[in-house]
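Working through the structure, step by step
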Amino acid sequence: MYEELIISGFGGQGIVLAGSLLAQAAIVEDREVSGLPSYSAEVRGGASAYSLIISTEEITAPLATELTTLIAMNLSSLVRYESLIRADGLLFVNSSLIYDKPVRQDLEVINIAATQIANTLGDTRVANMVILGAYVTKTKIVTLNSLFRALEYFKKDTAFNKKALEEGAKLLERN
């Protein structure tokens with residue numbers, strides 16, 4: 001198993017937390033992980049991304065350059081990273097904030113109204129958890145239980161974030 005992905009959005013969407021949580025969950029499952037956050041610390045709302053490689057084998061190059069998956073939380077992320085996804089790759093789109101269709105036709109596009117679902121849960125800040133729950137359910141890269149264990153490591157509002165992860169997972173459990 002080998003997965004290259006980027007989770008991207010703007011500052012305040014919990015991009016770095018989502019990437020760090022996924023990395024920690026992969027470590028819980030004894031996977032090899034390379035993660036690189038990128039963000040504008042001085043500006044809330046600036047670009048934010050987390051590049052990850054998760055593998056059952058040794059990782060020899062630490063940068064994700066040919067993505068198997070992109071999780072785009074806003075339009076600028078879709079525009080910036082869509083071209084890096086390999087043919088037949090996965091594209092998760094936060095359809096609450098992205099209304100444009102992807103340019104490429106050779107991708108499996110999964111629209112998740114992450115911000116809207118998070119809002120119905122009571123806090124749009126868990127949109128990252130909603131889309132992450134959908135992602136791990138679709139890809140099986142890690143289990144939801146590993147994400148729950150990783151949440152405890154980060155000492156986040158475990159019950160609320162867990163609920164958001166479960167809501168995202170429910171969207172794709174039927175597939």
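For the structure itself, consult the block above.
Overview of the structure. (Residues numbered from 1 in each chain as written. Predicted model: local features only at pLDDT ≥ 70, side-chain atom pairs only at ≥ 80, totals over all residues. Heavy atoms only, no water.)

All right, on to the packing of aromatic side chains then. Evaluated as defined, the whole model comprises two aromatic pairs. When the ring of F92 is compared with that of Y135, the centres are 5.7 Å apart and the planes differ by 80°; the resulting orientation is edge-to-face. Placement of F92 in strand β5 (residues 85–94) and of Y135 in helix α4 (residues 127–139) is noted, with a sequence separation of 43 residues between them. The class for F92 is buried, based on a relative accessible area of 0%. (Phe/Tyr/Trp six-rings, centres within 6.5 Å; stacked < 30°, edge-to-face > 60°. Helix = DSSP H or I, 4+ residues; strand = E, 2+ residues; numbered from the N terminus. Buried < 20%, exposed > 50% of the residue type's maximum accessible area, 1.4 Å probe, protein only.)

On to the sheet that holds strand β4 (residues 67–72), then. In spatial order, the strands read β2-β3-β1-β4-β5-β6; together these six strands make up an open sheet with mixed pairing. Strand pairing shows two members of the sheet lacking a second neighbour, β2 (32–39) and β6 (108–112), which therefore form its edges. Each strand of the sheet is rotated relative to its neighbour by a mean of 15°, with strand direction disregarded. Pairing analysis gives nine bridges linking strand β1 (residues 2–10) to strand β3 (residues 47–55), with the strands arranged antiparallel. The partner of S8 across the bridge, within β3, is A49. (Pairing = 2+ DSSP bridges. Axes fitted to C-alpha atoms, helices over the stretch in contact; angles between N-to-C directions.)

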